[in-house]
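Here is what each chain is made of, one letter per residue.
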Amino acid sequence: MTPLETYTLRHGDDCLVLGQRLCEWAARSPQLEEDVALLNIALDLLGSARSLLSQVGDEDQLAFLRDEPAFTNAQIMELDNGDFGRTMARQLLVSGYQVLLWEALSSSADEGLAGVAGKAVKEAAYHLDHAHSWVVRLGDGTEESHARMQAGLDDVWPYALELFEADDVVTSLVAQGIAADPEVLEPAWRATVEKVLTEATLGVPSSDWRPTGGRHGLHTEPFGYLLAEMQHLQRTHPGASW
Amino acid sequence: MGFQEVIDADGRIEPRDEMPEAYRKTLVRQIAQHAHSEIIGMQPEGNWITRAPSLRRKVILVAKVQDEAGHGLYLYSAAETLGASRHDLLDLLHTGRQKYSTIFNYPTTSWADVAAIGWLVDGAAIVNQVPLTRCSYGPYARAMTRVCKEESFHQRQGFEAMTVLSRGTPAQRQMAQDALDRWWWPALMMFGPSDAESPNSAQSMAWGIKRFSNDELRQRFVDATVPQADYLGLTVPDPTLSWDGEHYRYGEIDWTEFFAVMKGDGPCNRQRMGFRVKAHEDGAWVREAAEAYAAKQRAKAI
Ligand SMILES: [Fe+2]
Ligand SMILES: [Fe+2]
């Protein structure tokens with residue numbers, strides 16, 4: 001795979017895996033409006049995933065027939081939903097990142113990436129608004145919601161740091177004006193997220209622990225179950241079309 | 001114009017118009033049960049979202065389940081125009097005092113069930129609901145216009161998914177036939193008991209809430225659907241089914257099963273309610289937090 005394909009696939013996998021996780025909320029959310037909103041976010045992410053995966057190969061082969069080590073999403077995308085607070089914490093951290101990522105990529109030297117980014121940036125801005133409004137309501141709501149929100153945030157926070165890792169693929173593409181520069185994204189992301197957390201009366205977690213490996217196919221235990229569930233029909237009926 | 005004159009002139013009753021208490025009550029119950037059906041209906045299909053066999057099918061299914069949540073929202077809002085509250089109506093659902101469509105108490109055990117639900121269940125819903133777009137109560141009629149557009153989209157997508165399965169591998173064809181076998185009769189039951197055993201029908205007809213009898217609508221559905229099954233090369237699980245020159249004559253419906261499912265003894269009644277109540281209870285802290293936050297903001301604004 002070329003560095004561009006690797007990079008495109010990483011972001012496609014991010015969208016696919018988080019979209020798949022959000023789908024698990026269907027009919028389970030705290031109120032009907034959230035069923036609509038969470039599925040809407042899932043739809044946006046799945047839409048971006050399809051566009052990105054299609055730039056690398058056949059979307060269904062990539063989604064349904066790769067084994068776990070071939071998936072290159074960041075681990076934060078695959079984390080269990082947990083309660084609604086944890087899901088919103090993850091969404092804040094990821095959408096805060098994706099807004100900046102897509103913004104940067106909308107002027108990428110690669111037309112394919114720029115095209116997806118131009119559309120996704122508007123969607124991510126909505127996802128961020130939505131997460132922002134919930135993180136604030138939960139953080140500054142009741143004692144229970146504050147505690148749950150902080151706990152969810154503390155849980156997912158260390159995983160967000162992987163989003164800003166740079167390896168040779170990223171560095172070489174940044175030099176060519178194709179990729180977004182993680183060193184530029186990270187401080188902007190911190191500023192976005194910390195502003196929301198302050199408004200939400202939540203503490204900004206600090207973590208020396210930096211789980212890593214997703215970009216190179218190393219995943220968490222729950223990810224195997226996500227894939228088993230997602231892939232089982234394609235794998236049970238090889239060659240069938242649906 | 002008074003209530004009866006509006007009804008007689010085939011006009012629309014709006015929220016501020018005077019209406020008999022019995023009319024209001026009947027509508028609240030019907031609209032609420034319709035809303036409950038939309039949200040409980042998210043479960044059997046939601047059951048396959050994470051396992052959908054292609055990304056295209058996944059996206060279609062997510063959008064469909066999202067539409068059903070939207071239908072629930074419009075319908076609860078329509079009920080609220082009659083003085084009910086969503087909160088109270090949900091409470092009636094959760095405590096088993098109001099019902100939802102019996103169809104959603106059957107399990108979706110294969111992917112083909114998702115296709116069959118789109119084809120048959122959304123198909124039957126359309127036949128039931130298109131006349132409601134002319135219902136005498138304005139907000140309900142308007143909600144139905146919007147809902148019916150989306151349901152017909154769901155029906156076409158379901159039929160298309162069913163077509164792919166029935167033209168697919170032997171295993172897929174078998175899956176499709178098996179789904180039709182299991183969903184056919186429950187789909188016919190969606191229209192409710194025969195006219196003779198449907199005590200409220202006459203009053204609802206007189207009020208312009210109902211336009212056609214249960215049996216008329218059921219017949220309309222059978223006549224539209226049997227040729228579709230033929231096209232798919234699937235067999236309708238009714239050995240007595242025959243064409244009489246005008247209509248398809250279908251066999252005896254097992255009303256014992258219908259009333260058992262209605263009463264709570266279908267294969268999934270307990271599961272659906274348990275799931276629904278758990279989701280609601282698990283979300284209580286979130287709703288409470290949103291209220292507490294809003295109250296704090298109001299206090300600050302003063
Ligand atoms: Fe619906
Ligand atoms: Fe539908």
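Look a little higher up for the structure.
Residues numbered from 1 in each chain as written. Chains lettered and ligands numbered in written order. Predicted model: local features only at pLDDT ≥ 70, side-chain atom pairs only at ≥ 80, totals over all residues. Heavy atoms only, no water.

A. Region of the structure containing the overall build of chain A. In terms of regular secondary structure, chain A is built from nine helices and zero strands. Of the regular secondary structure in chain A, the N- to C-terminal order runs α-α-α-α-α-α-α-α-α. Considered along the principal axes of its C-alpha atoms, chain A spans approximately 50 × 45 × 30 Å. A buried classification covers 60% of the 242 residues belonging to chain A. In chain A, of all internal contacts separated by at least 6 residues, the share reaching a separation of at least 24 is 81%. About 9100 Å² of surface is accessible on chain A, with carbon and sulfur atoms providing 52% of the total. Treating the 16 positive side-chain charges of chain A as one cloud and the 38 negative ones as another, the clouds have centres 2 Å apart. (Helix = DSSP H or I, 4+ residues; strand = E, 2+ residues; numbered from the N terminus. Buried < 20%, exposed > 50% of the residue type's maximum accessible area, 1.4 Å probe, protein only. Contact = heavy atoms within 4.5 Å. Areas by Shrake-Rupley, 256 points an atom, 1.4 Å probe, with all protein chains shown as cover. Lys, Arg positive; Asp, Glu negative; His and termini not counted. Charge placed at Lys NZ, Arg CZ, Asp CG, Glu CD.)

B. Up close: the coordination of the iron ion (ligand 2). Residues and elements named next belong to chain B. Coordination sphere of the iron ion (ligand 2), protein contribution only: Glu68 (OE), Asp122 (OD), Glu151 (OE) and His154 (ND1), at 1.9 to 2.3 Å. The site at the iron ion (ligand 2) holds four donor atoms, and with the angles between them running 87 to 139 degrees, its shape is irregular. Taken as an interatomic distance, the gap from the iron ion (ligand 2) to the iron ion (ligand 1) is 3.5 Å; glutamate 68 donates to each of them. Of this pair, glutamate 68 sits in helix 4 (residues 55-80) while histidine 154 sits in helix 7 (residues 138-166); the two residues are 86 residues apart in sequence, bridging distant segments of the chain. Residue glutamate 68 is classed as buried on the basis of its relative accessible area, which comes to 5%. (Donors = N, O, S within 2.8 Å, 3.2 Å for Na, K, Ca; no water. Tetrahedral: all angles 85-135°; square planar, octahedral: opposite > 155°, others 65-115°.)

C. Looking closely at helix 8 (residues 170-189) of chain B. End to end, helix 8 of chain B covers 30 Å across 20 residues, agreeing with the expected 28 Å (1.5 Å per residue, within 8%). Remark: the principal bend of helix 8 of chain B, roughly 35 degrees, maps to Trp183(B), with a proline, Pro186(B), within the next four residues. (Expected span 1.5 Å × (residues − 1). Bend = angle between axes of the 7 residues up to and from the residue.)

D. Inspection of the coordination of the iron ion (ligand 1) at higher detail. Residue and element names in this part refer to chain B. Donor atoms from the polypeptide that coordinate the iron ion (ligand 1) comprise Glu38 (OE), Glu68 (OE), His71 (ND1) and Glu151 (OE), at 2.0 to 2.2 Å from the metal. Along the chain, the residues that donate to the iron ion (ligand 1) are spaced as E-x29-E-x2-H-x79-E. Judged by its relative accessible area of 0%, histidine 71 is buried.

E. Quick look at the packing of aromatic side chains. Residue and element names in this part refer to chain B. Throughout the structure, instances matching the rule amount to 17 aromatic pairs over all chains. An angle of 55 degrees between the planes, with centres 6.0 Å apart, marks the rings of tryptophan 119 and phenylalanine 159 as tilted. You can see tryptophan 119 sitting in helix 6 (residues 111-129) and its partner phenylalanine 159 sitting in helix 7, a full 40 residues away along the chain. The two residues tryptophan 119 and phenylalanine 159 agree in class, both being buried. Arranged with centres 5.1 Å apart and planes meeting at 80 degrees, the rings of phenylalanine 258 and phenylalanine 259 form a pair that is edge-to-face. Of the residues examined, phenylalanine 258 reaches a relative accessible area of 5% and is grouped as buried. (Phe/Tyr/Trp six-rings, centres within 6.5 Å; stacked < 30°, edge-to-face > 60°.)

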